[in-house]
Every structure is written in C-alpha cells, then in structure tokens.
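Read off the chains here:
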Amino acid sequence: MEKKVKSIVKSKGKVGVVTSLQYGDEGKGRLVDYLAPQYDIGARFNGSCNAGHTVILNDNTKIVLHMLPATSIRSGPKEKKRKTSYAAVLACGTIVDIDVLRKDIEATGIDPKKVLVDERCPVITDEDREEDKKTGGKVGTTGKGVGPCMERQMKRTGKRMGDIKENERKSAISGVRIGDTREYLWQSIKEGKSVLFEGAQAIGLDIWHGTYPYVTSSCCSTGAVSSNAGIPWNMIDEVWGVFKAYTTRVGNGPMKPEMPYDIEEYVRKVGNEFGSTTGRPRRCAWLNIDDVKKGIEINGTTHLCMTKSDVLRGLESIVVKVEDREEVFGGFQEVDESEDRNFMLFIGGIEEMLGKKIDMIGIGPRRQDIKIRS
Ligand code: IMP
Ligand code: MG
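Residues numbered from 1 in each chain as written. Chains lettered and ligands numbered in written order. Predicted model: local features only at pLDDT ≥ 70, side-chain atom pairs only at ≥ 80, totals over all residues. Heavy atoms only, no water.

**Side note on the pattern of salt bridges**
- Counted by the stated rule, this structure contains 31 salt bridges.
- The salt bridge partner of D33 is R367, with a shortest N-O separation of 2.7 Å. With a gap of 334 residues between them, D33 in helix α2 (residues 28-35) and R367 in the loop between β15 (360-362) and β16 (370-372) connect regions that are remote in the sequence. Exposure class is identical for D33 and R367. Each is buried.
- As a salt-bridge pair, D180 and R120 come within 3.3 Å of each other at their nearest N and O atoms. Of this pair, D180 sits in the loop between β7 (177-179) and α7 (181-190) while R120 sits in the loop between β6 (115-118) and α4 (126-135), and the two are 60 residues apart along the sequence.
- For D180, a relative accessible area of 33% puts it in the partly exposed group.
- Judged by its relative accessible area of 28%, R120 falls in the partly exposed class. (Salt bridge = Lys/Arg side-chain N within 4 Å of Asp/Glu carboxyl O. Helix = DSSP H or I, 4+ residues; strand = E, 2+ residues; numbered from the N terminus. Buried < 20%, exposed > 50% of the residue type's maximum accessible area, 1.4 Å probe, protein only.)

**Points about the site of ligand 1**
- Neighbouring residues of ligand 1: 16 residues in total, closest N50, T142, T216, V250 and R280.
- Within the side chain of Q201, one N or O atom sits 3.0 Å away from a nitrogen atom of ligand 1.
- V250 is positioned such that a nitrogen or oxygen atom in its backbone is 2.8 Å from an oxygen atom of ligand 1.
- The protein chains hide 97% of the 470 Å² of surface that ligand 1 would expose on its own.
- Its residues placed into classes, the shell around ligand 1 shows six nonpolar, eight polar and two charged. (Near = heavy atom within 4 Å. Polar contact = N/O pair within 3.5 Å; in protein donor to acceptor, adjacent residues only side chain to side chain. Areas by Shrake-Rupley, 256 points an atom, 1.4 Å probe, with all protein chains shown as cover. Nonpolar A, V, L, I, M, F, W, Y, C, P; charged D, E, K, R; others polar.)

This is the structure:
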C-alpha cells in the first residue's frame, strides 16, 4: 500500500493541496489522513471551526477535527507508527476558535509545541458567535461565528492571534507557538520538507465561485494557499480534488439533480450524512459532473479521489448529471471493478465525462478503505 501511494505522491520536498470539488464533506479529512505519512507538515489555510473533518480509524474510533489539520491524528497515542515529528500549522487565512483548537489538540494527543498558529489569524469572539446565530439563518450558516469574524477582518477592526494576551493564551492553549507561519513554511520547503495543505469547505461554497449568497466567507480553492498562506502557486506540486459519488449539502442553496425522496433517505442513512459540525441532516442529490468539472478547473487539480462509492451499492440504478442530460448507470453490488462490471462502467463513465482519471476510490468509511487505481 505504502509503495503504491508513493508511486503517485512524490512528496519529498513537495507541496500538496487537498481541496473539495462539491459543497463540503466529500472526505478531505480522510484523504489527508491517508496521505499524511508521506508529508512532514500539515497545514490549514482557510475556513475555521465551521469545518468538520472526520477520520475513522481501522478499529472504528471516530475522530472529528475542526481546527487542526487531519495529519495531526498520526501524532496521536493510539497510532502504531506514531509520528511525533509532525508540525501542525494554522497558516495565515485560517480563522481561529481557541477553545475548539484546544479540544482538537486533546483529541489528537499532538504535542502542543508542534502546533504553530500565525499571529495574523483572526480570532472568533463571543460577539461573533452571537451575531452569526442572529443573522446566519438565511444562508444556513454553521453558527460558529466565522462570517462575522471575517467581516471584522475586512473592516480591519478584528482581534487577531497576535493580540491575545500571553496569560489568556497560556491558560487556553498552553505550549502552542504563535508566529509567522509563512516564513516557517517557506524555510521548511527550502530545506526539503514536504507540506500538505488541507482545504476547508469546498468550491461550491467559495465566496467568489460558489452559489452566492449560499456560501461561506472564505476562499476555498488552491489559490488561497498562495494568497492566504503565502506559498506561491509555482511551489505547489500536487493538487488533490475530492468528490463524492453523489452530492450532499448542509445549509441552504441550490443542488442538482434531486434524488427521489426514498433514495435520498436511504443514502443519508447509509452514508451517515449528518453534519459533523452541527449534526444537521445533509441534503443528498445525484452526482453533478458540471460542479466537479468546475472545481477541477479552478483548483488546478492534478489528482482525483472519489469517495463514498460504497454508499450507492445495492441501488437499482444511479443517475449522473452532465450538461443538460442525465446519464443512467446500472446499479452495482461490489465496489470492485474486476468483480462487478457495472461498477467498472460507472467509474469509467465518470472519468470519461470528467475527461480525467480517478486515482483513488473510497470504498468504505475506515482509514484503510481506499483503493489506489493504477
Ligand atoms: P458558514 O461557513 O458557517 O458561514 O456557513 C455558510 C455555509 O457553508 C452554510 O451552508 C454551511 O452549512 C456551509 N458550510 C460551512 N462549512 C462547511 C463544511 O465544512 N462542510 C459543509 N458545509 C459547510
Ligand atoms: Mg465536513
């Protein structure tokens, strides 16, 4: 397995980015966790605790992270090959909720000294949270205060990490280092270290390219690695695009094509499609190729990972929307191309419509349930 991953991830001294191609919850966390052993540093560069990145270990332990990059899980005490050398970076552009960060540090067991937060990161206040709860209803925000905090940053009146008093920081996130993460990342890459940037939210929720006004308050594409974290585009080597074999959305906003109600209920149940940050049921629809294609284009995607194909197993037929038509595929019983011809036709059909190879397929919820395609 390790060898196979290395054949597509050439990470020594490399910079990788994981981005989402639909409306969030495609499984960025689990892909980041899977790729983590190939990298030295994990970094977030956008969004905040509105994100919920889930990793299910092989013993079925579920870890949901909201602030720390999912690479941090590999530093934890439960890991067989514990990697204590990791640095977890909240780069410039990440909006910080200090309490949530502390909980993530506890959940992963990472040494807080390995956590670096940029001094320029905006910090969410109680006021931001209250305002979001009052005003976020139309968009259906997560209510975590992210939008109002971003607003203050734009008004240039916001509180930032560097403004937090030493004693306040010490009591809440003791040991965590605050500084210039751009400088740190730049030097690390120059020294040959590899960095995996973990995007939050998705292109369909991007403030510019998403379905405005039903969007989040930050930029969610690869471009934000450059504009936020300050690592230029020509230092980025690999861009992973993650999408689900169907579509989900939590919060308001358009999503096509709709599934019949009973199939939607079934998919929600089998796929456990409930928000990992808010617990809200996610709306489910069939795969929309046009959405995914747009995400591939904007992100400069070099590799594709399709997740949750196992959730569709056992359905009689599967619909995929492309341009103005709907393609219907025969249902499959096995998520294995050599075992089930319909699965092979489904994967091949999607690749043809996207005009791009799918490099990895998620075939189950656990860490090991990823298949690398040669
Ligand atoms: P906000 O990011 O809390 O302002 O919410 C704006 C919209 O983005 C709402 O529809 C949220 O449900 C959605 N959203 C924000 N973060 C995520 C995420 O990580 N996954 C899925 N949807 C999200
Ligand atoms: Mg999520």
